[in-house]
Amino acid sequence: MAHAFLFVDDSALHHQMYRLIFSRGALAGNTLYHATNGREGYALLTQHPELALVFLDLNMPEMNGLEVLARRAAERLHPQVPIVLVTTESTEEDEARARSAGAWDYLRKPFQPADVERLVARALAEAAGSAA
Amino acid sequence: MSDALLRFADELGAAGPAEVAAPVAELHLVTFTLDREAYGVPVQRVREVIRVGEITRVPQAPEHVRGVTNLRGRILPVVELRSRLGLTPAVLTPRSRIVVTEAHGRILGLLVDAVLQVTRIPADTVQPAPEDIRTPEADWLAGVARRPDRLLILLDLDAVLLLQR
Amino acid sequence: MSAEDNAFRELIDEYVVECLPLAERAADALVDLERRRRAGTGGDELLGPVKGWLHTVKGNSAMMGLTPIQESAHALEDLCAALAEHGGGDGAGMLALLVEGGGLLVDQVRGASRAGAVEGVAGWLTRAAAARGAATGNGKSADRRRAERRGGAEADGAPNVVRVDFRRLDTLLEVLGEGLIEQAAVAEAFRRVARRAGSTPGVPELDHAILALAKTMKRLEAVVMETRLLPISSVFGRFPRLLRGVAEGVGKRVRLETNGGETALDKAVLDRLGEPLLHLLTNAVVHGIETPVERRAAGKPEEGILRLGAVSRSGRVAIELSDDGRGLDERRILARAEELGLGSGGEDSEPHALIFQPGFTTAEQVSELAGRGVGLDVVAAAVRALGGTIAVRSRRGEGTAFLLDIPLTLAIVRSLIVEVDQERYAVPIAQVAATVRAEPQALHEINHRGVALWRGGLIQVTDGGALLGTGGQSERGRRFYVVISSGGRRRGILVDRLIGHQDVVVKGLDPALGRPDVVSGTTILGDGRVACILDPVRILEQRVPA
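Residues numbered from 1 in each chain as written. Chains lettered and ligands numbered in written order. Predicted model: local features only at pLDDT ≥ 70, side-chain atom pairs only at ≥ 80, totals over all residues. Heavy atoms only, no water.

Focus: the overall build of chain A
Moving on, step 1. From N to C terminus, chain A includes five helices and five strands.
Moving on, step 2. Seen in sequence order, chain A has helices and strands lined up from the N terminus as β-α-β-α-β-α-β-α-β-α.
Moving on, step 3. Residue pairs at least 24 apart in sequence account for 61% of intrachain contacts in chain A once pairs closer than 6 positions are excluded.
Moving on, step 4. Accessible surface for chain A amounts to roughly 6,100 Å². Of this, 55% is attributable to carbon and sulfur atoms. (Helix = DSSP H or I, 4+ residues; strand = E, 2+ residues; numbered from the N terminus. Contact = heavy atoms within 4.5 Å. Areas by Shrake-Rupley, 256 points an atom, 1.4 Å probe, with all protein chains shown as cover.)

What follows is the structure, encoded as structure tokens:
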């Protein structure tokens, strides 16, 4: 069954990478949405409550990843949609901050396709579990 | 190389000679003697044949492992093929050799009385051994080939070299 | 993962399309910055955007496995940070370095799809690191602090550091090993020739030359072994974060104190040390340390203390891991041992050592964390596999301490070569306490077992032939015995001859050889013969056969 995924990142290269990852194997055949900044990303999130997982970059100009999460929390927008914060930072404080801001998980750059696959599998499993 | 040929090459590597239903009608073997009988193993599984140097005993090694020897700086376990086949252990002579084979991803040496030759035999000369010769312990027996001058006993290398059961 | 087998390598053109403009913008801005700083007209507002572009290039390069570009970008970020911290002034020639680095970065990104390095990058990286270190002294940027917290794997900040794939060091060691074997072969061959040639002209010179060769090889060995050494802090580093998670999961408060982090070990040993240590620490948190309530009742501070220390001693490293928790309950251990049919552990072991037996856990609560299917027997096995020993000390109510004794390296072991029934064996010197001439009158038999008087005490003595399965005692009787010792236990092994000392290159036991108890590996001696390496630790653990 096809799921929907949202990628929010200001790097065109990263969007290509996500597309590449989602073109193979188990991840192929899903619907992909792309946003190049936080505002656009927030708009797409609003329009798609069915999203299975969101990959949200931290460092973006204007509205960064944490700000997107903060606004989502404040407006209680689609709390069921899991959001993964993607970034190069990696201290415990950063992770803790991401989670308390509402991130479902944390993906460190550089990452491999397998890291993405694992997150997707877990998100889908949890969604299936909570639906049961 | 065509797909079919690649698949056949894989099969040759994995199965014993008598099991392969192949477009090629020949078996390529290395033959050697133990006691008075002649045996054969697929040539693709044989890395090389070396003279017997010092074989160092390894305490508590499994039955049928005679010891280890130095193969150009690499430690090569040497299997006492005779005892594995139910014969008395070898007495080393100048004709004794170690047949270095690949099995289960590693290399292992087979101690033999003498090496005969590398030869090709037509596949249709191979037949399974007679019922009463085949006992459960003789899992190493892959078949028998009638040659003009002798009978060749074909060995299933993977079974021979599976030392822990 | 290198760029060639990176998952995204087919996106290399897209990478260049995105990162080349960023690199060029950064390089241009740095030129601008240098000009304006020198002219005294500000320019610091450029640093912000530059760092942003460099950060993106760094991240993208990392994703693509383009490590050299990632390193350059990172070094440039560091220099920018140092410059920002410094305020005005040239800051140790940093501006010039930044401009140079910016240009190099552009070259690197432009040539990303081609193999081969850009000339000058390596030299620039070294100079940049030195300038960084000089400029900030003890002060560290947020990036450096983060890199260090990440485990210290990025030693970019230290001058004169090169990155080498560890597999190259393994190859280096392998080749060195072959060299050692060949050197031993030359020495052996010379000995045989010298016996007959005596004082023929040339022989004394050859003798000198071989001696000199041996000395050089020893030095070479020391240098190679050193390149493989890493500080144990690289293993200690990730524990605090992991333990905090464990502690929170079981409702306990714990603090980890470490010392001796600079103690160095071969990377191959370190790689296999982390897991056993982590298991011990996790066990200590889950089972050893009491809950805050219990601790208050016992008059202890609510926060439990775990101590992890390492100290090196002549070729070995002693690691102590202790907690101030509830300690081991001897009665429960003995009771559990009876349940498991283990008896009371043997003549000279304490009940505490029983916890290393399989199937042992007296914990009521098998939490998900500690009960990952790993018991202390697995830890003990892992430590033994490293050629080490583990012991435990405990006092009820006060705490437990585990003591590990690990060899510095797995690869080359200084050994005593002995001969038993015409077979030669290597005995690691670290576990040889003494070699003694076997005087018949000093050997006795008690309860069908051999004993000898040694250094004022009685030790058990085993026949080497019996131990190694090469046959019974020879009629002449063995001429020597080797006292092996480990973890407080000692035993004498009767042998025929003592051949000498040799640094042997350890070659693992081929799986075809099964799992011998008395032998830990094989090696090739100077004469080309294979010799088994005895495992004194395992031998000492076994009961003496009658």
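Structural notes on the pairing of strand β5 (residues 74–79) of chain B
All names here are of chain B.
Moving on, step 1. Burial runs high along β5: five of the six residues are buried.
Moving on, step 2. Looking at chain direction, strand β4 (residues 65–71) and β5 are connected through six bridges and run antiparallel. Across the sheet, the residue bridging to V68 is P77, located in β5.
Moving on, step 3. Remark: two residues form the turn of the hairpin made by β4 and β5, two consecutive strands paired antiparallel; R72 in that turn has positive phi of roughly 50°.
Moving on, step 4. Pairing of β5 with strand β7 (residues 106–112), which is carried by two bridges, proceeds in the parallel orientation. Looking across to β7, one finds that V79 is bridged to L110. (Buried < 20%, exposed > 50% of the residue type's maximum accessible area, 1.4 Å probe, protein only. Pairing = 2+ DSSP bridges.)

Observations concerning the pattern of salt bridges
Moving on, step 1. The tally for this structure, following the rule as stated, stands at 39 salt bridges over all chains.
Moving on, step 2. For E419(C), the salt bridge identified is with R424(C), shortest N-O distance 3.3 Å. Both residues of the pair, E419(C) and R424(C), belong to the buried class.
Moving on, step 3. Notably, a salt bridge pairs R497(C) with E419(C), separated by 3.4 Å at the nearest N-O pair. Of this pair, R497(C) sits in strand β16 (residues 497–505) while E419(C) sits in strand β8 (residues 412–420); the two residues are 78 residues apart in sequence, bridging distant segments of the chain.
Moving on, step 4. Overlapping salt bridges, with partners in common, bring together E95(A), R99(A), D105(A), R108(A), R122(A) and E126(A) in one network. (Salt bridge = Lys/Arg side-chain N within 4 Å of Asp/Glu carboxyl O.)

Observations regarding the confidence of the model for chain B
Residue and element names in this part refer to chain B.
Moving on, step 1. For chain B, the average pLDDT comes to 81, and 82% of its residues sit at 70 or higher.
Moving on, step 2. At the low end of the mean pLDDT range in chain B sits helix α1 (residues 3–14), at 55; at the high end sits strand β2 (residues 37–42), at 92.
Moving on, step 3. In this model, residues 15–22 is a region of pLDDT below 50 whose contacts with residues beyond four sequence positions or in other chains number 11 contacts.
Moving on, step 4. In the predicted assembly, ipTM is 0.87 and pTM is 0.49. (pLDDT = per-residue confidence, 0-100.)

Focus on unusual backbone geometry
Moving on, step 1. Backbone torsion omega between K109(A) and P110(A) reads 0°, so that peptide bond is classified as cis.
Moving on, step 2. Its location among the elements puts P110(A) in the loop between β5 (105–108) and α5 (113–131).
Moving on, step 3. Phi at Q60(B) takes a positive value of approximately 60°, unusual for a residue other than glycine.
Moving on, step 4. Note on placement: Q60(B) falls in the loop between β3 (46–51) and β4.
Moving on, step 5. According to the relative accessible area criterion, Q60(B) is partly exposed, its value standing at 41%.

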